[in-house]
Amino acid sequence: MDRVSSFDEPLKKLLGGATAKVMAEHLDLHTVGDLLHHYPRRYEERGKLTALADLPLDEHVTVVAQVADARILMFNNGRGKRLEVTLTDGSGRLQLVFFGHGVHKPHKELLPGRQAMFAGKVSVFNRKMQLAHPTYQLLDASDADEATEAVDAFAGRLLPIYPACKQLDSWRIAKAVDAVLPSARDAVDPLPASLREGRGFTPLPEALLKVHRPQTKADVEDARARLKWDEAFVLQVALARRRYADTQLPAVARRPVADGLLDAFDAKLPFTLTEGQEKVSKEIFDDLATEHPMHRLLQGEVGSGKTMVALRAMLTVVDAGGQAAMLAPTEVLAQQHHRSITEMMGELAEGGMLGGSDRGTKVVLLTGSMGMAARRQALLDLVTGEAGIVIGTHALIEDKVQFHDLGLVVVDEQHRFGVEQRDALRSKGKQPPHLLVMTATPIPRTVAMTVFGDLETSVLDQLPAGRSPIASHVVPAKDKPHFLSRAWERVREEVENGHQAYVVCPRIGDDAEEAEGKGGKKTKAKKQAADEDPEKRPPLAVLEIADELRKGALAGLSVEVLHGRMHPDDKDDVMRRFAAGDVDVLVATTVIEVGVNVPNATAMVIMDADRFGVSQLHQLRGRVGRGSAPGLCLLVSEAHEASPARARLSAVAATLDGFELSRIDLEQRREGDVLGQAQSGVRSSLRMLTVIDDEEVITAAREEAVAVVAADPELEHLPELRTVLAALLDKDREEYLDKG
C-alpha cells in the first residue's frame, strides 16, 4: 500500500502552506496525485511564445520579450501613478501597465534591454493591446553568457502551459510540479498487463514524466495516448461493474398480456407508430420481460413521440399487474403529462368510473400543491392499487407515498433530476422496479456512454408524420432595430391567421429579484454599467417585456405571463387558457422548455437568445411547429456579429438536428457543463479525455472494460485496478454511480 502513499501526500508538506492553499481553493488540487494529474493544457515552443504580433484578445498568455522602454506617468492631478512598459520581440510590440503601489518593483526591475517572461490577460486600451499588472519572471542572470544560456534552455524545450488561475500562474504551477515529479515513479498502474502490452502503451510513470516534461512532440503524443486510455478505461470499468451489479438484482418480469389495456389503447390510436417507436418499444418490452430491472435511457428529438413510447411501457406493466410512476421535474410539466396521457387514453383512463372502460385503470396526479382531499384520495388509490398510473413531481418521493406494487418508474428530463430522487422512488417497489429515463436533449453517443454509462440507450430519431418544419432566424436587435419591429409584425400575422405565439425571456423581473440587489444601490450601478455596455445589462424580463408588448407592438392582443414564481393554480389556469386558444401570446421564462404541447402555437420569439445554451434553445424551439402549420422561431440578440454568442445562435438557426447541435454545444462548452454538477464524479475524473473527440478510445475502453468485468466482477486478480478505482470513486462518486 505504501506505493500509493506518496500520491496521497498532502501538497502543503511539499509546497508550503500558501501555495497549497491556493491550489486547493482555486484549482481543487489537494494531494501529490492531484497535481501530477493536473496536465498541461498545451505546450509552447520558444518561437511561438514570443510572437507579440499574434496575441489573442481576452486570453491569458505567456510571452517572452525584451523591454524596449519604461516610464512613469502621473494622472489625477499627480495623485495617481502609472508605469507603462513597452515590450518588443521583433514581431510586434506590446504595452504593459502597472498602477498605484504596484509600480515600484517593476520600475526597478524592468529596465530597457532586460528580457523576461510575462503572463497576463490581453486587453485593448486606446486601440492598443496591453497586459495590465502581468506577473513576470526575469530571465537574465548576472553575466551575459548565463543570460543567453537561460534563454536558450528556455527556448530549446517545450514549455508546458498549465490550466492556471489569477492567483497562480502557469510557471509557478510548473515549479510545483517539478517538486512532486519524483513521486511519478510510485504511480499505481490501473491497466491489466495484457491490455497494456497488447496495445503497446508507455508505462504510467514514464507517461507522467513525458506529459509534464516532454523533450519532443512525440513524447506528448505518447503520454496523452496512455493517459486518455487510463481515464476512459477506469471510468468504463466503474460503469461496467454497475451494470453487472444491476443484472444481479431481482425484479418482477412484466410481460405483455393479450387483449389487455395496451391492445385496447393501440386499437384506438388514430395513427400508426413510426418505425422508430416500434423498434424502441420492442427494446423496452424485451427488458421488462426479464427478471432483472431494466435500466434504459430513451433519448429522442423534441416531439419524436417519447411520451407515447413511455405510456405504452406503462400500460404493459399495468396489464401485468403492476403500477407505473412517471416523475416530472416541474408541476407545470406533471399537469401537462397528466392531461395529455388521460386525453390519449380516453375512457381507458377512467377505470372504475362511470362511463369508464372495464379494462381501464385510474390515472392519478400527485403534486405538492394539491388540496388535502385530492391528495388523500390519490394516496389511497396508489396504496390499494386502484390507480395503475401515477404522474407527479418529487412529491411522489415523500415517505407518505406508498404503492401497491410499483413495477416501472419513468423519469422525464433526467438532467433536471437528482440521482438521490431517482433512487428514493426506486426503493418504493417490493423489488427494484424497472427504470426508464427519458431525455429530449440529444446526447452524442460517447457522452451517453460516459455520463449515462450505467443505462442502456434507445434513440428515437424520426419525427412522427404531421410534424411541421420550423424556420429559425437570428434577429440582430442592436445592429438592425427594424428587424425586431418586423419580428413583432410576424407574431401579429400569426395571431391574425388564428395561431398563437410564445415570447421567452431569461428573467422574471419582479421586485423579489431586484431586492436581491441590496437596497437598489446595485441596481443603479447596474443600470449605469448597462448604459455604457449593453453586454452588462441585466437580461430582459418577462414582466417588463409583457408590459411593453401590451402597450406597444402587440396592443389589442391577449398577452399573458407564465413564470416559476406564480401560484401553481394560476400557472395551470394560464396554461389551460393558452392551450384552449383564449390567450394569443404567452410571455414566459423557460418553464415552457419541456413538455408543453400546444399544437396551435406556431411562433416563438426568444429575447436575449444569446443568454441561453444551444440545447436549451433547441428545446424551446421544439414547442412550436407541433401541429400541421409550419413553425417560426426568432432568436433576438444584441450580441456583436463576430461574437461566439452570435456564432452559437447561427448554428441553432441553421439546423433542426438536435444531435448535430449537441455536438456543437459540446465543442463550445467542452465537457464541464455538459456532464453537469450531478455527474461531478465523472467530470472531475476526466482531465485528458475529451468526450467529443475521443470516441474511438471510449468505445474501445468500454469493450475492454466489459470483458474484464465479465471475467472478474470483483477484480480479485487486478489489485492495482481496484486501488485506482477506489481512489476515483471516493465516497460521493461511489454513491453517484450506485444511485445512477
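> Talk me through the pattern of salt bridges; I want residue IDs and the actual numbers.
For side chains bearing opposite charge, pairing can occur when the charged atoms are close. Per the stated rule, a full pass over the model turns up 31 salt bridges. In this structure, E84 engages R71 in a salt bridge whose closest nitrogen and oxygen atoms are separated by 3.5 Å. One end of the pair, E84, is in strand β3 (residues 80-88); the other, R71, is in strand β2 (residues 60-75), with 13 residues separating them in the sequence. In this structure, R226 and D230 form a salt bridge, with 2.8 Å as the shortest nitrogen-oxygen distance. Of the two residues, R226 and D230 both sit in helix α11 (residues 217-248), four residues apart, roughly one turn of that helix. R226 gets classed as buried once you look at its relative accessible area, which sits at 0%. Taking the relative accessible area as the measure of exposure, D230 reaches 8% and is therefore buried.

> Mind laying out the packing of aromatic side chains, listing which residues take part and the relevant values?
Between two aromatic rings, the relevant description is the distance of the centres plus the angle of the planes. If you walk through the whole model with that rule in mind, you get six aromatic pairs. With a centroid separation of 6.1 Å and 40° between ring planes, the pair formed by F118 and Y136 is classed as tilted. Here F118, found in strand β5 (residues 115-125), pairs with Y136, found in strand β7 (residues 135-138); they are 18 residues apart in sequence, far enough to count as distant. With respect to burial, F118 and Y136 carry one shared label: buried. What links up through ring pairs into an aromatic cluster is the set F98, F118 and Y136.

> If you had to explain the nonpolar core to someone new, which residues and values would you point to?
Core analysis: the largest hydrophobic core is formed by 56 residues, its most contacted members being V585, V587 and I606. Apart from the residues within four sequence positions on either side, I606 is in contact with V504, F612, L617, L620, C633, L634, L635 and V636. A313, M314, A349 and L460 belong to the second largest nonpolar core, which has 39 residues in total.

> Report on empty space enclosed by the protein, specifying residues and quantitative values.
Tallying each qualifying case throughout the model produces four cavities of 30 Å³ or more. Reported here for the largest cavity is a volume of approximately 50 Å³. Lining the largest cavity are A251, V252, R254, D405, L406, G407, K430, Q431, P432, P433 and H434.

> Let's hear about the sheet that holds strand β18 (residues 559-562): which residues, and what values?
The six strands are arranged β16-β21-β20-β17-β19-β18 in an open sheet whose pairing can be described as parallel. Two strands in the sheet have a free side with no partner beyond their single neighbour: β16 (470-476) and β18. On average, adjacent strands in this sheet sit at an angle of 20° to one another, irrespective of strand direction. Examined bridge by bridge, strand β17 (residues 500-504) and strand β19 (residues 585-588) share four bridges and lie parallel to one another. Among the inter-strand pairings, Y502 is bridged to a residue of β19, identified as L586. Sheet strands in contact with helix α24 (residues 614-621) are β16, β17, β20 (601-606) and β21 (631-637), and its direction is about 150° off that of β20. Of the strands in this sheet, β16 and β21 are in contact with helix α25 (residues 644-654), which crosses β16 at around 160°.

> Provide a residue-level description of helix α28 (residues 695-711), including the pertinent values.
For α28, spanning 17 residues, the distance from its first C-alpha to its last is 25 Å, which sits close to the expected 24 Å at 1.5 Å a residue. Buried within α28 are the following residues: V697, I698, T699, A700, A701, R702, A705, V708 and V709.

> So what about unusual backbone geometry? Which residues, and what values?
One non-glycine residue, D28, lies in positive phi territory at about 60°. Structurally, the position occupied by D28 is in the loop between α3 (17-27) and α4 (32-36). According to the relative accessible area criterion, D28 is partly exposed, its value standing at 49%. Even without being glycine, D259 reaches a positive phi, approximately 60°. Looking at the element boundaries, D259 is found in the loop between α11 and α12 (261-267).

> So what's going on with helix α16 (residues 372-384)? Which residues, and what values?
Its 13 residues give α16 an end-to-end C-alpha distance of 18 Å, which sits within 8% of 18 Å, the value for a rise of 1.5 Å per residue. If you check which residues of α16 are buried, you get R375, A378, L379, D381 and L382. One face of α16 carries all of its buried residues, which in axial projection span an arc of 160°. In α16, the exposed positions angled more than 90 degrees off the buried face are occupied by M372, A373 and R376. Of the surrounding secondary structure, the elements contacted by the buried residues of α16 are β10 (323-327), β11 (362-366) and β12 (387-392). Backbone geometry just after α16 places G385 at a positive phi near 90°.

About the thresholds
Residues numbered from 1 in each chain as written. Predicted model: local features only at pLDDT ≥ 70, side-chain atom pairs only at ≥ 80, totals over all residues. Heavy atoms only, no water. Salt bridge = Lys/Arg side-chain N within 4 Å of Asp/Glu carboxyl O. Helix = DSSP H or I, 4+ residues; strand = E, 2+ residues; numbered from the N terminus. Buried < 20%, exposed > 50% of the residue type's maximum accessible area, 1.4 Å probe, protein only. Phe/Tyr/Trp six-rings, centres within 6.5 Å; stacked < 30°, edge-to-face > 60°. Core = buried A, V, L, I, M, F, W, Y, C linked by side-chain atoms within 4.5 Å. Contact = heavy atoms within 4.5 Å. 1 Å grid on protein atoms, 1.4 Å probe; cavity = no way out; pocket = protein on both sides within 12 Å on 5 of 7 lines; lining within 4 Å. Points joined across faces, edges and corners; volume = space filled by probe spheres on them. Pairing = 2+ DSSP bridges. Axes fitted to C-alpha atoms, helices over the stretch in contact; angles between N-to-C directions. Expected span 1.5 Å × (residues − 1). Arc of directions from axis to C-beta.

Taken by themselves, the reported measurements are silent on function.
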